[in-house]
Structure formats: structure tokens, C-alpha cells
Amino acid sequence: MAKNIFVFCEQRDGQIQNVALELIGVARELAEKTGEKVNAVLLGHGVTDKADELIAHGADTVYVVDHENLEKFVTEPYAQAMTHIARKYEPSVILFGATSIGRDLAPRLSARLRTGLTADCTKLEMDEEGNLFMTRPAFGGNLFATIICPDHRPQMSTVRPGVMKKLEADPARVGEVVAESVEWDASKFAVTVLEEVKAEKGEANIEDAKILVSCGRGVKNLESAHELASKIKGSAVSSSRTLVDIGLMDHERQVGQTGKTVRPEAYLAFGISGAIQHLAGMEESEFIVAVNTDKNAPIFKVANLGIVADAEAVFKNLNKLL
Ligand code: FAD
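We now turn to the structure provided with this report. Owing to the predicted nature of the structure, the values given are computational and were not obtained by experimental measurement.

**Some points on the site of the ligand**
In the neighbourhood of the ligand, 26 residues make up the surrounding shell, with Ser240, Thr242, Thr258, Ser273 and Asp310 lying closest. Within the side chain of arginine 217, one N or O atom sits 2.7 Å away from an oxygen atom of the ligand. Threonine 258 places a side-chain nitrogen or oxygen 2.7 Å from a nitrogen atom of the ligand. Computed on the free molecule, the ligand has an accessible area of 980 Å², of which 75% lies beneath the protein chains in the complex. Residue assignment for the shell around the ligand shows that the elements contributing at least two residues are α6 (241-245) and α7 (276-279).

**Some points on the sheet that holds strand β5 (residues 61-66)**
Pairing in this open sheet of 7 strands is parallel, and the strands run β7-β11-β6-β1-β4-β5-β12 from one edge to the other. Looking at strand neighbours, the two that pair on one side only are β7 (117-121) and β12 (176-179), the edges of this open sheet. In this sheet, adjacent strand axes meet at a mean angle of 20° when their direction is disregarded. Sheet analysis places β7 next to strand β11 (residues 155-159), joined by 3 bridges and oriented parallel. Looking at the pairing, cysteine 121 lines up with valine 159 of β11. Along the sheet, helix α1 (residues 18-34) makes contact with β1 (5-8), β4 (38-44), β6 (93-97) and β11, crossing β1 at roughly 175°. Packed onto the sheet, helix α3 (residues 75-89) meets β1, β4, β5, β6 and β12 and runs at close to 150° relative to β4.

**Observations regarding the side chain of histidine 278**
Considering the arrangement of structural elements, one finds histidine 278 in helix α7. Residue classification places histidine 278 among the buried residues on the basis of a relative accessible area of 6%. Discounting residues that sit within four places of it in the chain, histidine 278 has contacts with Ser239, Ser240, Val255, Gly256, Tyr267 and Ile272.

**So, the packing of helix α5 (residues 222-231) against helix α9 (residues 311-321)**
Closest axis-to-axis distance for the α5/α9 pair is 10 Å, and the angle between their directions is 35°. The handedness of the crossing between α5 and α9 is left-handed. Residue-level inspection shows Ser224, Ala225, Glu227, Leu228 and Lys231 of α5 in contact with α9, the latter providing Glu312, Phe315, Leu318 and Asn319. Grouping the amino acids of the contact of α5 with α9 by side-chain chemistry returns 4 nonpolar, 2 polar and 3 charged.

**Details of the layout of surface pockets**
There is about 380 Å³ of room inside the second largest pocket. Residue lining of the second largest pocket: 19 residues in total, with Thr122, Lys123, Val163, Met164 and Glu284 positioned closest to the centre. Among the elements of the structure, α1 and β8 (123-126) are those that each provide at least two residues to the lining of the second largest pocket. Partitioning the lining of the second largest pocket into residue classes produces 9 nonpolar, 4 polar and 6 charged.

**Points about the packing of α3 against helix α4 (residues 100-113)**
In contact at an axis separation of 9 Å, α3 and α4 are set at 50° when each is read in the N-to-C sense. By the angle between their axes, α3 is oblique relative to α4. At the point where α3 passes α4, the crossing takes the right-handed sense. On α4, the residues that touch Thr75, Glu76, Tyr78, Ala79, Gln80, Met82, Thr83, Ala86 and Arg87 of α3 are Asp104, Leu105, Arg108, Leu109, Arg112 and Leu113. Residues belonging to the contact of α3 with α4 are distributed by class as follows: 7 nonpolar, 3 polar and 5 charged.

**Overview of the sheet that holds β8**
As summarised here, the arrangement of the 3 strands in space is β8-β9-β10, forming an open sheet in which the pairing is antiparallel. Each of the sheet's edge strands pairs with one partner strand only, and the pair in question is β8 and β10 (143-147). The sheet shows a mean angle of 25° between the axes of neighbouring strands, taken without regard to direction. Pairing geometry for strand β9 (residues 132-138) and β10, over 5 bridges, is antiparallel. Bridging across to β10, arginine 136 finds its partner in alanine 145. Of the strands in this sheet, β8 and β9 are in contact with α1, which crosses β8 at around 20°.

**So, unusual backbone geometry**
Residue proline 154 is reached from arginine 153 by a cis peptide bond, and omega for that bond is 0°. You can see proline 154 is positioned in the loop between β10 and β11. For arginine 114, which is not glycine, the phi torsion reads 55° and is therefore positive. Turning to its location among the elements, arginine 114 is positioned in the loop between α4 and β7.

**A word on the nonpolar core**
Among the nonpolar cores identified, the biggest contains 34 residues, and Ile5, Leu54, Val62, Leu95 and Leu124 are the most heavily contacted of them. Mapped by element, the contributors of at least two residues to this core are β1, α1, β4, α2 (51-56), β5, β6, β8 and β9. The leading source of residues in this core is α1, at 9 residues. When residues no more than four places from it in sequence are discounted, the contact partners of leucine 54 are Cys9, Ile16, Leu21, Ile24, Ala40, Leu42, Ala59 and Val62.

Reading guide: rules and limits
Residues numbered from 1 in each chain as written. Predicted model: local features only at pLDDT ≥ 70, side-chain atom pairs only at ≥ 80, totals over all residues. Heavy atoms only, no water. Near = heavy atom within 4 Å. Polar contact = N/O pair within 3.5 Å; in protein donor to acceptor, adjacent residues only side chain to side chain. Areas by Shrake-Rupley, 256 points an atom, 1.4 Å probe, with all protein chains shown as cover. Helix = DSSP H or I, 4+ residues; strand = E, 2+ residues; numbered from the N terminus. Pairing = 2+ DSSP bridges. Axes fitted to C-alpha atoms, helices over the stretch in contact; angles between N-to-C directions. Contact = heavy atoms within 4.5 Å. Buried < 20%, exposed > 50% of the residue type's maximum accessible area, 1.4 Å probe, protein only. Left-handed = near helix turned anticlockwise from the far one by under 90°. Nonpolar A, V, L, I, M, F, W, Y, C, P; charged D, E, K, R; others polar. 1 Å grid on protein atoms, 1.4 Å probe; cavity = no way out; pocket = protein on both sides within 12 Å on 5 of 7 lines; lining within 4 Å. Points joined across faces, edges and corners; volume = space filled by probe spheres on them. Parallel < 35°, antiparallel > 145°, perpendicular 65-115°, else oblique. Core = buried A, V, L, I, M, F, W, Y, C linked by side-chain atoms within 4.5 Å.

The structure is reproduced here in C-alpha cells:
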């Protein structure tokens, strides 16, 4: 019988990604309903020592496939390793981050296991029978749909980074680490990574930044936003979709339903109206400051502090002060 909640724990260059820890956090909440275990799956090469970090954040057991075939993310070997784990342990639930890796891997696995997958969830709940209620924005973000998968197991979901909260690490937590070996079918390995070219590192990734200086159509001078971000440690510039659509900002920096979900300590929204699709990506921020010339702009409904003013004037003053 299918049981226990499994989390695919994404690592990049041996670093466990925040989203993996967030998923273990929500999995612990779900497991409380049914008394099931939270099990992590760690795939890679030379990554076994990272299992302790997953246990400290709430995993009961970590299944590790540590193999040279998994050195870099390539869909087929990762899909084979996940299929091996899923067939052997028959999880009730498998969670993935809605990252480029999770979005690639999860559908492969769901097709191989002949089960459903709900992508891009923003909320997960479970009943006592172990049915997972997977909620995600639908119809352009105008409503939320809750989806269930009653006839098949595992129940599978991808969850956006930054939506769930990770638990504080407890280094004293005890768990089990199980090394798994996979019978590879190398005849299916059609892709080989020859070289990896990393994008130049500029400002911090917007999902990791503690403070976001976020700009919308009302910002006429992006230089002022970058200047402000350069003066605040741990900050980065993000934007609404409008600036991405007109080519002024990279899609990597877009916040919202079709961009990224962020939960910084402070979200400074300059010249952003607060459309529902934008709010979907930032309303969980700890403290929201909105600067807008229109006192009726919807962004003020979610703001902790609202400033009715010209964005450029506020940038100028802040840049002078800092
Ligand atoms: P506007 O709505 O044009 O607002 C500009 C604001 O700037 C106004 O409130 C104005 O009062 C203010 N302003 C003007 N001048 C100044 C000034 N000098 N100083 C201060 N304030 C000023 N949007 C996203 O952001 N992210 C998404 O992921 C996203 N996904 C979408 C998905 C779908 C399916 C759809 C249909 C839409 C999506 N959108 C998304 C678009 C969204 O609906 C809005 O159109 C967009 O967020 C508006 O961006 P904005 O706030 O920058 O621009």
C-alpha cells in the first residue's frame, strides 16, 4: 500500500536548494495528519554527506543515489533513479520544487508511474485518509483551483520556491540514511553534458535576496533602483511583468504568477499597481512598502507601509541618505 511523503531534494553543485528544505517543512505538516514519515530523496554524485542537512530540517529517512550518472542534472538518469525509488517504496505523495529541474523531472516520473501531477502549487493540505488537496492559481490567477488525485498513487505536485516555510535546522535530530543502487538502462541516455557555462553573477537571485527593490511601469529610471539595491546588503532588483515584456528586465527577475514567488524580509514596490497576478508572487513577504502616485492603487491593500509619491523622488532621497 502506498505510504509516506517523499520529497525530491534538489541540489545544485552539491548545495541543497532552499526549496527542498521548504518542501520538507510542508511535508512535516502534512504527515502530522496521517502519522506518516517524511522521506527525502537525494540524487547526485558525491552528495551523501548532505543527507544530515535534510534530517536536521525534518526528514526521517534520506534515500540517496550517489552515482556518477547523476553528476549533472540530465532528465533520463534522474528519471530512472526517481522511478526506482518510487517503485520500490510506493510513496503516497512525492513533492518537487517548481524549478527548471523539478518541472522537467516530475512530469517524466508521473507519466512512468501512470499517475497525476499538479504543477505550480501554492498550498497543500491533507485529510486523515491521506488525500492531498493541491491548490494552484487557475484562469489567469483570477481563482484558485484545488485538485485531488483520488484514484492513483503517488499523488504528485510541484511547489514554487519561496511559498512554503522551512523548519529551523535541528542538528540533534536523528534520521536514517539509506544508500540506493539503481539498475541503469544506459541505452536510454540520449543526452550528455559536454560543458557547463555559468551565467555571470550579478545581483543576488531574487528568491534568495532578503530585500527586494521591485519596479513596475511607474519607474522611469531603473538605474536609481540598481543604485539603491547596491547600497542595501542582501538586496536585489526585481520587477513586475510589464518591465519584462518591454525588455527592460530579465524574466529571471519577474515576480508573480508567471514569474517567481518571493518571500523576502522586505519587499519595496516602486510604481507597481498590484495586479492580482503580481500579488500572487509577493504577498507573503514579511514587510511590504509600496510607493505609488495613485493613492487608490491595489498594492496599498497588501502594503504595511504606503507612500503616495513619485518613485524617482523617493529613490533620490533614499540614495542620498544611504
Ligand atoms: P501598471 O499596472 O501599469 O501599474 C503602474 C503603476 O505605477 C500604477 O499603479 C501607477 O499609478 C504607478 N505610477 C505611475 N507613475 C508613477 C510614478 N512616477 N511614481 C510612482 N508610481 C507611479 N504581472 C506580474 O507582475 N507578474 C506576473 O507574473 C504576471 N503574470 C500574469 C499572467 C497572466 C495570465 C496575465 C493575464 C497577466 C499577468 N501579469 C503579471 C500582468 C498583470 O496583470 C499586470 O498587467 C502587471 O502586473 C502590471 O504591471 P505594473 O504594476 O508594473 O504596471
